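# Residue-level structure breakdown
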Amino acid sequence: MAMPALPAARYPNSELEKKMGALAIKNVTKSFGDTHILKGIDIEIDDGQFLILVGPSGCGKSTLMNIIAGLEGPTTGEVHIGGRVVNNISPKDRDIAMVFQSYALYPTMNVRQNIAFGLETRKVPKKEQDEVIQRVAKMLQMDHLLDRKPGQLSGGQRQRVAMGRALARDPILFLFDEPLSNLDAKLRVEMRTEIKQLHQRLKTTMVYVTHDQIEAMTLGDRIAVMKDGIIQQFGSPQEIYERPSNLFVASFIGSPSMNFIDCHLAEQNGQIGVSLQTDSDARFLPLPNGQRLAGRVGQEVILGVRPEQLDVAHSDDNVAAISIKVNLTEPTGPDTMIFTKINGKEVVARVHPRDAKGPGETMRLALDMSKVVLFDPKTELRLE
Amino acid sequence: MANNNKWARILVYAVLIYAVIYYLLPLYVMITTSVKTTEEIRTGNLLSLPMHITLDAWRKAWGTACTGVQCTGLSLYFWNSVRMVFPAVIISTTMGAINGYILSKWKFYGSEIVFAMLMYGLYIPFQVLLLPMAQTEGYLGIAGTTPGLIFVHVVCGIASTTLFFRNYYVGIPDELINAARLDGAGFWRIFFRVVLPMSLPIVMVTFIWQFTQIWNDFLFGLVFSSGDSQPITVGLNNMANTSTSVKEYNVDMAGAIIAALPTIFVYVVAGKYFVRGLAAGAVKG
Ligand SMILES: Nc1ncnc2c1ncn2[C@@H]1O[C@H](COP(=O)(O)OP(=O)(O)OP(=O)(O)O)[C@@H](O)[C@H]1O
Ligand SMILES: [Mg+2]
């Protein structure tokens, strides 16, 4: 028997079912006159996810944040928040809290008033305001600053106040534009943990701009790597780290940066691989399931190897290994960076300090060929 | 080197002292003359100190000197000016602040053109306005009244007050306005809570500027007021032009000082804000 047709309202469409803070940016472009800043941005995250925007200075991160907040309109494209198009909704009705890159603290108000302003506007009762201010001040270690004006604060203190002003609210979406860039190393690490815990507790959707590798990797559920107004790659931190879609992403994410070694794709004994040459050795290293690259044999490729994928070879390792001459070492504490040359290119390996040899000595390094990536030197795209 | 420095210093001081004398001498003459008797002025030297000080000339200038047919001194004109200057200054400053706020922080399609046209207003010689303005005042039924004079001053002051505020507000970062918008504040709330509290220096600059312009205005006062609404500048002119048997320089000088006192007072009280405001507008980033 056929089910009787139910009124449509009982079955809201999937768009409406999406929860509050889901964010979708659909083909957004932005031009100021003839300068095209954003050239077709597509990003979609679920409610409660933590999105990281990274990219070199001037690539349009802040512009994108302003568009999400509604402070600027996109030239074309749509912004969806919680499943509805918000292009025509004013910033104050989008229920977004934002930390501005330049802090944007009200100079004539003291810290307490700065934090309270948004609460007042939204008619939060006075008593509740005070509680919120206390909570935020404690979290950001700025109880003693509450009666000061922004002009009497250091850069790092201002940044904390800007953070506090956003955290005092309970919005459906947080936007943070480099909120920790001016803090000292220790406070920065503390705040990073604090933000992570906060996100786990509140489960509010967050968009976070940073230049810091570690912040990007540790905080993000999703990372969008931008350059020149184009999303180069959008994915989970692990995906971006392990399978960067092009040379730019590979070199931008990770510190020290990925090694790029120019080589020829060759075939030996029925295996496809690359030949590497060092000052003390020359080897052919086969690629696991290299057959997929059969069509490219004889062509130039760029071999991408992360420093930690070059480790000291132990005799029983069943991996490709090559002997190298150490040019320089840089101990960082937990690891030691070994600088050498492979195929004429400077290469960094990250090894345990115990295994590190001194400059001029030779050592055997193992390459984890299952993890290395290959790029096409012309298109700069990763070879699948 | 040190010698060079010394001579440079002496030269600078010489120039400065000359400038000081150049500006203060007329004031000295005005003040000393106003406290002399007519007799002493006639027989004495322009630069000599008064032999005995008398305030008779001041009393006469304020209360009994003839300005045309009536002989009630400058006091009526003075209060006319006071009644006219405060509303005119406050209204034109307020409108300048709001215009400047809109033209810098709430730009709309064509707002640059509006601003350019307003600035054009700075270059219009006011004489050109006299006829059309007189006609407009006639239509509005405020010709020859204090409100009519206030109207003229407000209209003619808006260009400069808008320019002052707009240029000052351009220096306030847009992100501050954006932060307030995200905090849920609207146009007026942002203006009163965020922008206006930052505006003290430019408010003072505009206030002093407008006060001086309007208080010292003679042209509009002469054309757009009549009888019981004439400002002090017109009164002073009438007084000095009313022919008496002997030219009473002491009364004229006292009258001139009375006419100038309020602007001097405003500069002394608010002058430090004036300098500070001009500087703030220049360096604000
Ligand atoms: N109102 C504007 N008019 C013209 N160009 C603008 C405007 N706002 C931003 N731009 C330009 O857009 C580009 C992107 O700026 P944006 O502030 O978004 O960069 P960003 O990625 O945030 O850089 P950073 O990491 O330095 O903060 C820059 O080249 C900037 O000069
Ligand atoms: Mg930025």
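Throughout what follows, the structure given in this document is the object of discussion. Note that the coordinates shown come from a computational prediction; the quantities given were computed from them, not determined experimentally. (Residues numbered from 1 in each chain as written. Chains lettered and ligands numbered in written order. Predicted model: local features only at pLDDT ≥ 70, side-chain atom pairs only at ≥ 80, totals over all residues. Heavy atoms only, no water.)

### Here's the deal with the state of the cysteines
All names here are of chain B. Here is the rule: Two cysteine sulfurs form what is called a disulfide whenever their separation falls within 2.5 Å. Note on classification: 1.4 Å probe, protein chains only; a residue is buried when its accessible area is under 20% of the maximum for its type, exposed when over 50%, partly exposed between these limits.
Counted under the stated rule, the structure contains one disulfide over all chains. Bridging C66 to C71, the disulfide has an S-S length of 1.8 Å. Its S-S torsion of about 100 degrees marks the bond between C66 and C71 as right-handed, since a negative value means left-handed. According to the relative accessible area criterion, C71 is partly exposed, its value standing at 37%.

### Notes on the nonpolar core
Threshold: To form a nonpolar core, buried Ala, Val, Leu, Ile, Met, Phe, Trp, Tyr and Cys residues must be joined to one another through side-chain atoms within 4.5 Å. Secondary structure elements follow DSSP: runs of H or I of four or more residues count as helices, runs of E of two or more count as strands, with numbering from the N terminus. Whether two residues are in contact is decided by their heavy atoms, any of which lying within 4.5 Å being enough.
In this structure, I43 and L53 of chain A are the most contacted members of the largest nonpolar core, which totals 87 residues. No other element matches helix α7 (residues 146-170) of chain B, which puts nine residues into this core. Beyond its immediate sequence surroundings of up to four residues, I43 of chain A is in contact with L23, A24, I25, L51, L53, L64, A224, I231 and F234 of chain A. Y103, L187, I223 and Y241 of chain A belong to the second largest nonpolar core, which has 47 residues in total.

### Here we look at the interface of chain B and chain A
Convention followed: Summed over both partners, the accessible surface that disappears when two parts come together, traced with a 1.4 Å probe, is what is meant by buried area. Here, a salt bridge means any Lys or Arg side-chain nitrogen found within 4 Å of an Asp or Glu carboxyl oxygen.
Taken together, the contact pairs 15 residues of chain B with 23 residues of chain A. A per-residue breakdown of the area chain B buries against chain A is headed by E175, L182 and D183 of chain B, which together make up 40% of the total. The tally of links from chain B across to chain A stands at three salt bridges. One salt bridge connects R189 of chain B with E120 of chain A, and the closest N-O pair in it is separated by 3.6 Å.

### Here we look at the sheet that holds strand β7 (residues 173-177) of chain A
Residue and element names in this part refer to chain A. Rules: Two strands qualify as a pair provided that DSSP identifies no fewer than 2 bridges between them. Inter-axis angles, ranging from 0 to 180 degrees, are taken between N-to-C directions of lines fitted to C-alpha atoms, where helices are fitted over the stretch in contact.
With respect to topology, six strands assemble into an open sheet ordered β6-β7-β8-β3-β9-β10, the strand pairing being mixed. On the outer flanks of this sheet lie β6 (96-99) and β10 (230-235), each paired with one strand and no other. Neighbour to neighbour, the strand axes of the sheet diverge by 15 degrees on average, direction disregarded. As defined by bridge partners, β7 adjoins strand β8 (residues 205-209) across five bridges and the pair is classed as parallel. The residue of β8 that forms the bridge with L175 is V207.

### So, unusual backbone geometry
Residues and elements named next belong to chain A. Following S255, the chain continues into P256 via a peptide bond in cis, with omega recorded as -5 degrees. Along the chain, P256 falls in the loop between α9 (247-252) and β11 (259-268). With a phi close to 45 degrees, E178 is a non-glycine residue in the positive phi region. Secondary-structure assignment places E178 in the loop between β7 and α6 (185-202). Given the relative accessible area of 11%, E178 is considered buried. A positive phi is found at N269, a non-glycine position, where the angle reads about 50 degrees. By secondary structure assignment, the location of N269 is in the loop between β11 and β12 (271-278). Classification of N269 as exposed rests on a relative accessible area of 75%.

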